[in-house]
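# Tertiary structure, described
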Amino acid sequence: MASTLLLSPAKPYCSTKTPAPIANRSPSPTLSFRAAAPRFAHGLAAAAAVGANRSARRHRRLRALARPVRASQLPRRPEYVPDRIDDPNYVRIFDTTLRDGEQSPGATMTSAEKLVVARQLARLGVDIIEAGFPASSPDDLDAVRSIAIEVGNTPVGEDGHVPVICGLSRCNKRDIDAAWEAVRHARLPRIHTFIATSEIHMQHKLRKTPEQVVAIAREMVAYARSLGCPDVEFSPEDAGRSNREFLYHILEEVIKAGATTLNIPDTVGYTLPYEFGSLIADIKANTPGIENAIISTHCQNDLGLATANTLAGARAGARQLEVTINGIGERAGNASLEEVAMAIKCRRELLGGLYTGINSQHITMTSKMVQEHSGLHVQPHKAIVGANAFAHESGIHQDGMLKYKGTYEIISPDDIGLTRANEFGIVLGKLSGRHAVRSKLVELGYEISDKEFEDFFKRYKEVAEKKKRVTDEDIEALLSDEIFQPKVIWSLADVQATCGTLGLSTATVKLIASDGEEKIGCSVGTGPVDAAYKAVDQIIQIPTVLREYSMTSVTEGIDAIATTRVVVTGDVSNNTKHALTGHSFNRAFSGSGAAMDIVVSSVRAYLSALNKMCSFVGAVKASSEVPEGTSVQTTE
């Protein structure tokens, strides 16, 4: 009797479906086998019918497998309780893009931009949004408060999810008061407080004994709870290099004081995955009272191991993972939300059945939004969201992809919400009306007011008159330049520049102040952009240093929109404190601009950065005028 050859097809895309028994699976579609000729002529029709039915079933199974896994196929998100998770397989996602991510040099976002990103994070399905460090500046406190009021009270998604809104604080009453003032308006508020626990930090930075550190941590966690905050997270900074026995002791004490989440940070990205996994397992096994708190991870990427360490921590028992969109953050950044979430989704069976509440179809939009507002663009080969993540140039790879996508793609682009231009049939141009343009904005995930839309539509028409076709990338660039800008203190009215090889470059710039007054500046420079920037400086008269300048083309073609990004610094260090060190620093401000003229684009970007700086200077001056001894209000 002839033996039967059974082939198991490789999984083309991430799926949480239970695999069918191997005997019931169809052969791989990339390989074909000729069936043996039937013994009797009357069996030809039956054989053909059987073959057709098998082929149809096979194609139906392949189409089903290629579809993205919907949220309804996973267990529902458990009801939020600060100190426990009813489903042991559920992992909370704590996003710190707006706090740790914003500490990247030049990544300063305006309050309006932070609110837009926070709304998108809620749609993405993150469980906790760390919205900022309220004690760092009055502007940050206002931004966190705005997010708590709006995003922290607005249900999103089919399950009516409302994220926890968290504010960071050092272990002192002033910081904790500011954090509580900012987050108390949310339906689910949280205070996150921290103090260093490694010997090197306690000795050289804090200059305190271990006993003093334990006493401060215990007292401040209790103080945060005494304000009425039911959810307090504690982080022993530099836990990866801390003494294990000391860690167990301080964690035990803060649990007694009321901590509901214990975050274990690898602050300097020093540990290897097996080390970090062992650390989480040891804390779970040796900390008295640990059953009354959630273990969390926060991994920096200094050695490129943040995602690996985070997954090792989850596998060892951590049920909250701290991440950022695109992995942005201090130094080399943090664990990337999209990498962690998709790794858990793709390899759920090897991670003990873990799952998250992330709606992966919002990943691409969230990544683009953070890139636009932070000014930090990801490298093309970035996992999940890089421009080349789903690009195949090798001939061998292309051949496999043409035959069957599962040969070289483990994730479907649809799974992360990556849609190709014009997939919905809407092609925007100069004849497109308001309804079509507004529909495109909704499709791209943007919600703006009627006034903001009218401002945007005016800019859109100006571009559409010069371009035959306006792409999604053009729309996003214009939207960022027109709507998501800082408070307008100076706006651009006109700019005229001349340049070339026959003489000096000159520029004339007309700006409009917030009170409507028009001012004109003229200057010469080494080029048209230099001349235009000097003309702007003549008008605004704020000492600044241009730290970074870059320009990119939004799309291909000579008629492409140019987007410019600049980073400037000035003498505005007062009251701007670093979240970890507490030291004042010279804050950097980024700005972006978009236009079809490169000089106009450059001036718009420069004004965007200067408006951020002017707003911040005003907030600093306002806060310095508050009488000393005035405390932050902490009650309704």
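Residues numbered from 1 in each chain as written. Predicted model: local features only at pLDDT ≥ 70, side-chain atom pairs only at ≥ 80, totals over all residues. Heavy atoms only, no water.

### Brief notes about the packing of aromatic side chains
- All told, the structure shown has five aromatic pairs when counted by the stated rule.
- For the ring pair tyrosine 90 and tyrosine 355, a centre distance of 5.2 Å and an interplane angle of 70° mean the geometry is edge-to-face. Taken together, the residues span a long stretch of sequence, with tyrosine 90 in the loop between helix 1 (43–66) and strand 1 (92–95) and tyrosine 355 in the loop between helix 10 (337–346) and helix 11 (363–374) at a distance of 265 residues. The residues tyrosine 90 and tyrosine 355 share a single accessibility class, namely buried.
- Chaining the aromatic ring pairs together yields one cluster made of Phe453, Phe457 and Tyr460.
- The ring of tyrosine 223 has lysine 173 lying over it, and the distance from NZ or CZ to the ring centre is 5.0 Å.
- Over the aromatic face of phenylalanine 453 sits the side chain of arginine 438, whose NZ or CZ is 4.8 Å from the ring centroid. (Phe/Tyr/Trp six-rings, centres within 6.5 Å; stacked < 30°, edge-to-face > 60°. Helix = DSSP H or I, 4+ residues; strand = E, 2+ residues; numbered from the N terminus. Buried < 20%, exposed > 50% of the residue type's maximum accessible area, 1.4 Å probe, protein only. Lys NZ or Arg CZ within 6 Å of the ring centre and 35° of its normal.)

### Overview of the sheet that holds strand 11 (residues 518–525)
- Spatial strand order, 9-10-11: three strands in an open sheet with antiparallel pairing. The two strands at the open ends of the sheet, each matched to only one other strand, are strand 9 (490–498) and strand 11. Each adjacent strand pair in this sheet contributes to an overall mean axis angle of 20°, direction not counted.
- Across eight bridges, strand 10 (residues 505–513) lies against strand 11 in antiparallel orientation. Counterpart to alanine 507 in the pairing with strand 11 is serine 523.
- Set on the sheet, helix 16 (residues 528–540) makes contact with strand 9, strand 10 and strand 11; between it and strand 11 the angle comes to about 140°. (Pairing = 2+ DSSP bridges. Axes fitted to C-alpha atoms, helices over the stretch in contact; angles between N-to-C directions. Contact = heavy atoms within 4.5 Å.)

### Some thoughts on the nonpolar core
- Counting residues in hydrophobic clusters, the biggest one holds 117 residues, and the most contacted among them are Ile165, Phe234, Ile264, Ile283, Phe456 and Tyr460.
- The element contributing the most residues to this core is helix 7 (residues 244–257), with eight residues.
- Apart from residues no more than four positions distant in its own chain, tyrosine 460 is found in contact with Leu428, Gly429, Ser432, Val437, Val470, Ile475 and Leu478.
- Judged by nonpolar contacts, the second largest core, of 28 residues, contains Val529, Val536, Val566 and Phe589. (Core = buried A, V, L, I, M, F, W, Y, C linked by side-chain atoms within 4.5 Å.)

### Focus: helix 11
- The end-to-end C-alpha separation of helix 11 is 16 Å, in line with the 16 Å expected for 12 residues at 1.5 Å each.
- Trailing helix 11 by a residue or two, glycine 375 shows a phi angle of about 80°, which is positive. (Expected span 1.5 Å × (residues − 1).)

### Remarks on the sheet that holds strand 13 (residues 562–570)
- Pairing in this open sheet of three strands is antiparallel, and the strands run 12-13-14 from one edge to the other. Across the chains shown, the open sheet's two edge strands, defined by having one partner strand only, are strand 12 (544–553) and strand 14 (588–595). Pairwise comparison of adjacent strand axes, ignoring direction, gives a mean angle of 20° for this sheet.
- Sheet topology note: the strand 13/strand 14 ladder contains eight bridges and is antiparallel. Considered in strand 14, the bridge of arginine 565 is made with serine 592.

### Some thoughts on the pattern of salt bridges
- Counting across every chain of the model gives 33 salt bridges.
- For glutamate 113, the salt bridge identified is with lysine 612, shortest N-O distance 3.8 Å. Pair noted here: glutamate 113 is in helix 2 (residues 111–124) and lysine 612 is in helix 17 (residues 598–624), with a separation of 499 residues, a long-range link. Accessibility assignment for this pair places glutamate 113 and lysine 612 in one class, buried.
- Among the salt bridges present, the one from lysine 510 reaches glutamate 518, with a minimum N-O distance of 3.8 Å.
- A relative accessible area of 23% places lysine 510 in the partly exposed class.
- The network of salt bridges with common partners includes Asp142, Arg145, Glu181 and Arg184. (Salt bridge = Lys/Arg side-chain N within 4 Å of Asp/Glu carboxyl O.)

### What about the environment of aspartate 494?
- Structurally, aspartate 494 can be placed in strand 9.
- Between the C-alpha atoms of aspartate 494 and leucine 511, which are 17 residues apart in sequence, the distance is 7.2 Å.
- When sequence neighbours within four positions are dropped, the list of residues in contact with aspartate 494 reads Thr508, Val509 and Lys510.

### A word on the environment of tryptophan 180
- Topologically, tryptophan 180 is positioned in helix 4 (residues 173–183).
- For tryptophan 180, a relative accessible area of 8% gives the class buried.
- C-alpha of tryptophan 180 to C-alpha of cysteine 166: the two residues are 14 residues apart in sequence and 9.1 Å apart in space.

### Side note on the packing of helix 2 against helix 11
- It is at 10 Å that the axes of helix 2 and helix 11 come closest, and there the two elements cross at 165°. Looking at the two axes, helix 2 sits roughly antiparallel to helix 11. Classified by chirality, the crossing of helix 11 by helix 2 is left-handed. Along its contact with helix 2, which presents Glu113, Val116, Val117, Gln120, Leu121 and Leu124, the element helix 11 presents Ile363, Met365, Thr366, Met369, Val370 and His373.
- A per-class count over the contact of helix 2 with helix 11 returns eight nonpolar, three polar and one charged. (Parallel < 35°, antiparallel > 145°, perpendicular 65-115°, else oblique. Left-handed = near helix turned anticlockwise from the far one by under 90°. Nonpolar A, V, L, I, M, F, W, Y, C, P; charged D, E, K, R; others polar.)

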